[in-house]
Amino acid sequence: MRPHVTLKQLRYFDALAREQHFGRAAEACSITQPALSMQITELEQQLGLVLVERTRSGVLLSDKGREIAARAARILCDVNEMIDFALHANNVLAGSLRLGVIPSIAPYMLPPLLPLLREGYPTLELHVRETQTLLLMQELTEGKLDVVLLALPITQADIETMPLFDDHFLLALPKSKKLASRVRATKDLIEHERLLLLEEGHCLREQALTYCSLQQSSAVNTFGVSSLSTIVEMVAAGYGITLLPEMCLNVEARGRDIGITRFVEPQPLRTVGLAWRATSPRADDFRELGRLINLAWSKALIPPAQRETVPNNPASTNAQKS
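Residues numbered from 1 in each chain as written. Predicted model: local features only at pLDDT ≥ 70, side-chain atom pairs only at ≥ 80, totals over all residues. Heavy atoms only, no water.

## Some thoughts on helix H5 (residues 106-120)
Look at H5: 20 Å from first C-alpha to last across 15 residues, which is about the 21 Å you get at 1.5 Å a residue. The complete set of buried residues in H5 reads Ala106, Tyr108, Met109, Leu110, Pro112, Leu113, Leu116 and Leu117. Taken together, the buried residues of H5 touch strand E3 (95-101), strand E4 (124-130), strand E6 (159-174), helix H9 (228-236), helix H10 (249-252) and helix H11 (283-300). (Helix = DSSP H or I, 4+ residues; strand = E, 2+ residues; numbered from the N terminus. Expected span 1.5 Å × (residues − 1). Buried < 20%, exposed > 50% of the residue type's maximum accessible area, 1.4 Å probe, protein only. Contact = heavy atoms within 4.5 Å.)

Printed below as a string of structure tokens:
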């Protein structure tokens, strides 16, 4: 007789594979530990395979268990996408949407974006996850997120991307080192200064290092800093300089004792965009989300009162890419 495997068993096994512990997996599935253990045992019996090795400290997947776990994750992702298709076939940006955003974008784009979503799509149930790119892309691939707002490019297989706009980097210095209002910064200015950047794992850090042609060195300082606000405070206090994305200036440069200067051409920049699984049936949702993000970006640009410290503002050239 052909084995009979249920989606419930696959969901429970997927949770066990992720948690590596029966108790935590049962809690994640909102069932009792004996019930989860029984379903895993039945799955093993149906497949005729030993999937897990039970130890005192937790659970170890067998070689065949790891393969079954990977296949189960893909099956569950496909099932979720089938359900999404049925739920959203006739509506755009309705129901649940799980949006991932990197930390160097979330505090600056969400404030202008969320009111647009609430006003235009009141039935949308939005869930936001903010963390670093690597984790977001992993969760997107596993089906835990629907779409991610981040810095491109993303070259991962089976991922579709939508470029939205360019976000220029500017040099932030203590007021004591502020350049003349019509002078632009060069990479030479950075070579002899202490460069303050976010901790490893943040794509903003890697982009800044690439532009400055620097590797990790004594001149690059992080000390585990994970927010631009902290770095800007250190710059204002005279502890170094940094590169800031233009989108953050409304928040981070306001009321702080720093100077902001553009770089010479070609200016360093990052391309902000959306990424989603190529198999997702919700591409229309994501394109509409991209349109709203571009609208939010136009609202988040530097106000005229602050532009005097940022000569030759190219905001008008940040046209949408599609």
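Picking up after the structure, the text goes on.
## Observations regarding the packing of aromatic side chains
Scanning all chains against the criterion turns up 3 aromatic pairs. Pairing tyrosine 211 with phenylalanine 263 gives two aromatic rings, centres 5.1 Å apart and planes at 75°, and the pair type is edge-to-face. Remark: phenylalanine 263 occurs in the loop between strand E10 (258-261) and strand E11 (269-277) and tyrosine 211 occurs in helix H8 (residues 203-212); sequence separation between them is 52 residues. When the ring of tryptophan 276 is compared with that of phenylalanine 286, the centres are 5.1 Å apart and the planes differ by 45°; the resulting orientation is tilted. Linking tryptophan 276 in strand E11 with phenylalanine 286 in helix H11, this pair joins segments that are 10 residues apart in sequence. In this structure tryptophan 276 comes out as buried when scored by relative accessible area, which is 2%. For phenylalanine 286, a relative accessible area of 0% corresponds to the buried category. Over the ring of tyrosine 211 we find lysine 187, and its NZ or CZ is 5.3 Å from the ring centre. (Phe/Tyr/Trp six-rings, centres within 6.5 Å; stacked < 30°, edge-to-face > 60°. Lys NZ or Arg CZ within 6 Å of the ring centre and 35° of its normal.)

## With respect to the nonpolar core
Core analysis: the largest hydrophobic core is formed by 73 residues, its most contacted members being Leu149, Leu243, Leu274, Leu289 and Ile293. With residues up to four places along the chain from it excluded, the contact list for leucine 289 reads Leu93, Leu97, Leu99, Leu113, Leu117, Val147 and Leu274. Membership of the second largest hydrophobic core comes to 17 residues, among which are Phe22, Ile40, Leu43 and Val52. (Core = buried A, V, L, I, M, F, W, Y, C linked by side-chain atoms within 4.5 Å.)

## So, unusual backbone geometry
Look at the link from leucine 152 to proline 153: it is a cis peptide, with omega at 10°. Mapping proline 153 onto the fold places it in the loop between strand E5 (147-152) and E6. Put simply, glutamate 265 and proline 266 share a cis peptide bond, and its omega is -5°. Backbone geometry at serine 30 places phi at a positive 60°, although glycine is not the residue there. Structurally, the position occupied by serine 30 is in the loop between helix H2 (22-29) and helix H3 (33-47). Residue classification places serine 30 among the exposed positions, given a relative accessible area of 68%. A positive phi angle, close to 50°, is found at leucine 93, a residue other than glycine. Examined against the element boundaries, leucine 93 turns out to sit in the loop between helix H4 (63-88) and E3.

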